[in-house]
Each structure stands twice: as structure tokens, then as C-alpha cells.
Amino acid sequence: GAEEDWDIRPPVVTVMGHVDHGKTKLLDALRHANVAAKEAGGITQHIGAYQIVTELEGNERPVTFIDTPGHESFTAMRARGAKVTDIVVLVVAADDGVMPQTVEALNHAQAAEVPIVVAVNKIDKEGANPAKIRQQLTEYGLVAEEYGGDTMFVDVSATTRQGLDDLLSAILLTADASLDLRANIGQDPQGVVIEGKLDKGRGPVATVLVQRGTLRQGDSIVAGDAYGRVRSLLDEHGNKLKEALPARPVQVVGLTSVPRAGDTFLVVEEDRIARQIADRRQARIRNAQNASMRKRISLEDLD
Ligand code: GTP
Ligand code: NA
Ligand code: MG
């Protein structure tokens, strides 16, 4: 695209950490929402994606947040979250300390070479020991600035809202200092599927993150081996959007089947082409499945 098509996009920030350390509640506090209270068993079981306009010292800045589950069984979602993000906010409960999924999350972030901001949460609780968290994390290469390292640690409480502005400052500072947040809005739209599901009323619905270009209602889209015409684009509140710019998470309605999380999507000129690409991909998947089935059968023949 032309030079004038380049524009600043919001940073994408993925919140990760051990189960129940307060990721969802922290995000709720940042965006004045109440998702955590509605979750079954208090456990996040899917990836949530929200764009919020943060306000810091009178300046408004949009930031895209991705909430990941901390339960041990959701490793793949954490890995995907780390791959699509600019920054990881590693949430560690100050009364619980570094736990297995804390380490797993920081490993994903380090593997993806993404800067980490540590949010030491629940500092309102009795037994909270933020200094101990800093000490524990040095073992994993995360050394706090106040100890001579280059990792920002921020003490917060999602309950009392203490430290939220400091956390936002740390996020925006990291974004401005170490990231190139330009995206080409004139290019062919492209991005990644964060989640796919079959909705009773609306059919296949994919939550996608636009990574470049501008996704519009009416576009012919291929997502993994699913295809279709974008019938509607919805934001996290269910509001209809005409278009989605880079770093915007958006629900796409109109696909003929449900794509898989992690699939990339692209926009093509005609429905016919979208269908051809999807058909080819489906055939490739079927062939691979048949091949592995044949292998299984021949192994069983050996018994
Ligand atoms: P998963 O997504 O299931 O991994 O959990 P999570 O990390 O999103 O934690 P969640 O937001 O569900 O919070 C877990 C529990 O900790 C809830 O009971 C919250 O109310 C509580 N909690 C979260 N943040 C704080 C905090 O700052 N202080 C106190 N006292 N409790 C908190
Ligand atoms: Na939880
Ligand atoms: Mg959660």
C-alpha cells in the first residue's frame, strides 16, 4: 500500500498467569466490566478479547487486551495468546507466588520474544509479599528495574483498584519504547482466528484479530478451511461495526463452517475464490487424515 496508508495501531496486550491469580478480575477493573463473576466455577475457559480506550493523565489511548485461561489444561490457548501479542502482562498473586502456569506463561512469552510486564496482584491480601515475587522471578530472567534489571514490576489490586494507573503507564511505556505499532490499513486484510464457535442463532462465529489491512462487512473471507462472506462484524459488546482496523478483535458472522483457533484468515476478491481455497485446504486435511488412518490400520495389521 501507499505510504499514507500506514497508521498507528493500538498495542495488543495478552494477560497470562497461573489459575485464579486474578487475570480476568484485573481486566474487569481496567475496563469497568464484570466478566469474572459470571464465569462457570470462576475459571476462564476461553480467550477473551477486548479493545478498551484507556485514560491516563487525560490522554486517551486504545489498547487491545486478550485474556487467557490459567488452568493447566489450556496450554494451547496460552501459547496462541503469546504468539499474537505485542506485550505480555504476567499476573502473579502476591499471596501465592510463582506457580507452574506462571512459569509456563513466561516461557511462552520469552519464546515469542515478547516484552513482559509483571503485575503483582492481590497486594491487598494478608500474606501478600510482593518482594518475594520479584525475588522468585529473577530465577527466570525477569529482574525488576529496582534490582538493576529491565523488567517492570507493578504492584496492583484488582479489588481495591490500587496500582491500575501504574500498570497502564507501564504497558503504554513498553509499547512506546520498544514496539513499532504501525500497520498498513490499505493492504489486503489479514489476521488470525482467536476463537471459533457454533452459535445457535447466528451459525459459525469466529473471533478474529485483524493484523493488517481493514476488514469490512461484505468481504469474502477464508479462515483456515472455512470460508464465507462477512455478514456482520461485531465488537465485544455485540455492537455492529462497518470495518475493523489492525489490532481490532472482532466477531465475524457469515462463515459456512467454524474455523479453528490459530488459523489465519485472509480476504479475497470473490466468493468463488474463497470457496476454491477453502475446498483445497479441506481436501488436504482429508488426505492427511486418510493417510494417518491408513497408517493406523497397517500398524494394527501387524498385531
Ligand atoms: P483463571 O482465568 O481461571 O485462570 O483465573 P483468573 O486469573 O482470571 O482469576 P480471577 O479473575 O477469576 O480471580 C480469581 C479469584 O481471585 C476471584 O475470587 C477474584 O475475586 C480474586 N481476586 C482477583 N484479584 C484480586 C485482588 O486483587 N485481591 C483480592 N483480594 N482478590 C482478588
Ligand atoms: Na479464575
Ligand atoms: Mg480468568
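- The name an unreviewed UniProt entry assigns to the protein chain is Translation initiation factor IF-2, from the organism Modestobacter italicus.

A short note on the sheet that holds strand 7 (residues 152–155)
Here is step 1: Strand order in the open sheet formed by 6 strands is 3-4-2-5-6-7, with mixed pairing between adjacent strands. The outermost strands of the open sheet, each flanked by one partner alone, are strand 3 (48–56) and strand 7. For this sheet, the mean inter-axis angle between neighbouring strands, taken without regard to orientation, is 30°.
Here is step 2: Sheet topology note: the strand 2 (residues 12–17)/strand 5 (residues 87–93) ladder contains 5 bridges and is parallel.

A closer look at the nonpolar core
Here is step 1: In this structure, V89, L90, V117, V118, A119, V120 and V208 are the most contacted members of the largest nonpolar core, which totals 73 residues.
Here is step 2: The leading source of residues in this core is strand 5, at 7 residues.
Here is step 3: Beyond its immediate stretch of four places on either side in the chain, V208 contacts G191, V192, V193, I194, A223, V250, V252 and F265.

What about the site of ligand 1?
Here is step 1: Around ligand 1, 22 residues are found, and the nearest of them are G22, T24, K25, T44 and G70.
Here is step 2: Considering every element that reaches the shell around ligand 1, the biggest residue donor is helix 1 (residues 23–31), with 3 residues.
Here is step 3: Each residue belonging to the shell around ligand 1 can be placed in one class, and the counts come to 5 nonpolar, 11 polar and 6 charged.

Conventions used here
- Residues numbered from 1 in each chain as written.
- Chains lettered and ligands numbered in written order.
- Predicted model: local features only at pLDDT ≥ 70, side-chain atom pairs only at ≥ 80, totals over all residues.
- Pairing = 2+ DSSP bridges.
- Helix = DSSP H or I, 4+ residues; strand = E, 2+ residues; numbered from the N terminus.
- Axes fitted to C-alpha atoms, helices over the stretch in contact; angles between N-to-C directions.
- Core = buried A, V, L, I, M, F, W, Y, C linked by C-beta atoms within 7 Å.
- Buried ≥ 20, exposed ≤ 12 C-beta atoms within 10 Å, placed from the backbone.
- Contact = placed C-beta atoms within 7 Å.
- Near = placed C-beta within 6 Å.
- Nonpolar A, V, L, I, M, F, W, Y, C, P; charged D, E, K, R; others polar.

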